[in-house]
Amino acid sequence: MTVFEDRLVAMLAGLRGNEAITLYDAEEGPLATWLAGPEHALEVIGKVTGLALAPSMAGNFHRYGGLGCYWRATEDTTLGGELRLNHLVNACVGWVPHTVSEADWPASERGYRGLVANVSEVYMPEADEEGGLTELVLHGFDGTAHTGDGAIAGFRAEDDVVLDVSGHPEIWYSVNTSHTLVRLDLSYPEYLETLLLTRGLHGWQYLFADPHDPGFPEYFHLDIGPHLDFIARAFPRDDFSALRARYEAFTRARKDD
């Protein structure tokens, strides 16, 4: 087990054992034991997709396929969260060709993922330089195709995953039901770290978006403050001060609009 795998398991155990939380669904999913480590994962991604990801992309490395949970506050069911994660190889690879060797991609996992598992629906059209529309696609962190329900965070892709100058994919967040798409100001390892801290608290991703991002719909009015208050009470040993500061700055900026 990797250090981050142990932390993910401990996070699920902490949700199960917390009286303030009602856990409706939780599963670890299969462990991709064929991945020898973070360097191997980056090597496989490079072979399959041609992506030269920065070594730091393998921070918080885990091998779970489909680890997730869905929970609500016991006394106030309007507060809650959910998450579903897949390991980095599944999250980055949108389509696995049959020519990939079993040493690089085990046959059992190829069948489980159905070869087309990581490309989400197309969300928001964007005008290109000539006035036409280009499609923005997310490669979801959960490694599954999406039909427009719930929310998804993932890597922006057009013909391929878009990398910034440091070798990191651009990370975007979309509430599928509102067909919006906003870019997040954090790296993939930072995303995993914050997801672990928040236990998938609904809406936490917006705290890392530009409050003036045009991807926010006009009716956007999510107030994550009560959600942060609850998660801080439920897990008093964790430090949520940085998220609280982000919330206060985000709220002030939104009010200025």
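Residues numbered from 1 in each chain as written. Predicted model: local features only at pLDDT ≥ 70, side-chain atom pairs only at ≥ 80, totals over all residues. Heavy atoms only, no water.

A.B. asks: Would you take a moment to explain the overall build of the protein for this structure?
C.D. replies: Secondary structure assignment for the protein yields seven helices and ten strands. Across the protein, the fraction of contacts at a sequence separation of at least 24, relative to all contacts at a separation of at least 6, is 60%. For the protein, the accessible area works out to roughly 12,300 Å², and carbon and sulfur atoms hold 51% of it. (Helix = DSSP H or I, 4+ residues; strand = E, 2+ residues; numbered from the N terminus. Contact = heavy atoms within 4.5 Å. Areas by Shrake-Rupley, 256 points an atom, 1.4 Å probe, with all protein chains shown as cover.)

A.B. asks: Can you walk me through the pairing of strand E3 (residues 80–86) in this structure?
C.D. replies: If a strand is regular, its side chains alternate between the two faces of the sheet. Counting buried residues in E3 gives five out of seven residues, a clear majority hidden from the surface. Where strand E2 (residues 65–73) meets E3, seven bridges bridge the pair, whose relative direction is antiparallel. By the bridge assignment, Trp71 is partnered in E3 with Gly81. Between the antiparallel neighbours E2 and E3 lie six residues. (Buried < 20%, exposed > 50% of the residue type's maximum accessible area, 1.4 Å probe, protein only. Pairing = 2+ DSSP bridges.)

A.B. asks: Got a minute to help me understand unusual backbone geometry in this structure?
C.D. replies: The general pattern is negative phi for most residues beyond glycine and trans for most peptide bonds. Positive phi is not limited to glycine here, since Asn60 has a value of about 55°. Within the secondary structure, Asn60 sits in the loop between helix H2 (38–49) and E2. Here Arg199, not a glycine, exhibits a phi torsion of approximately 60°, which is positive. Looking at Arg199, the relative accessible area reads 9%, which means it is buried.

A.B. asks: I would appreciate a short explanation of the packing of aromatic side chains in the present structure.
C.D. replies: What describes a pair of aromatic rings is the distance from one ring centre to the other and the angle between the planes of the rings. Applying the stated criterion across every chain yields a total of five aromatic pairs. Each ring, one from Tyr173 and one from Tyr206, has its centre 5.2 Å from the other, and the planes form 85°; the classification is edge-to-face. Here Tyr206 lies in the loop between helix H5 (188–198) and helix H6 (225–234) and Tyr173 lies in strand E9 (residues 171–175), a separation of 33 residues in the sequence. Pair check on accessibility: Tyr173 and Tyr206 agree, each one buried. With 4.9 Å between their ring centres and 50° between their planes, Tyr191 and Trp204 make a pair best called tilted. Taken together, the positions of Tyr191 in helix H5 and Trp204 in the loop between H5 and H6 put the pair 13 residues apart, joining distant regions of the chain. As far as burial versus exposure is concerned, Tyr191 and Trp204 are alike and both buried. An aromatic cluster is present here, built from Tyr191, Trp204 and Phe208 joined pairwise through their rings. (Phe/Tyr/Trp six-rings, centres within 6.5 Å; stacked < 30°, edge-to-face > 60°.)

Purely geometric stuff here, so don't read any function into it on its own.
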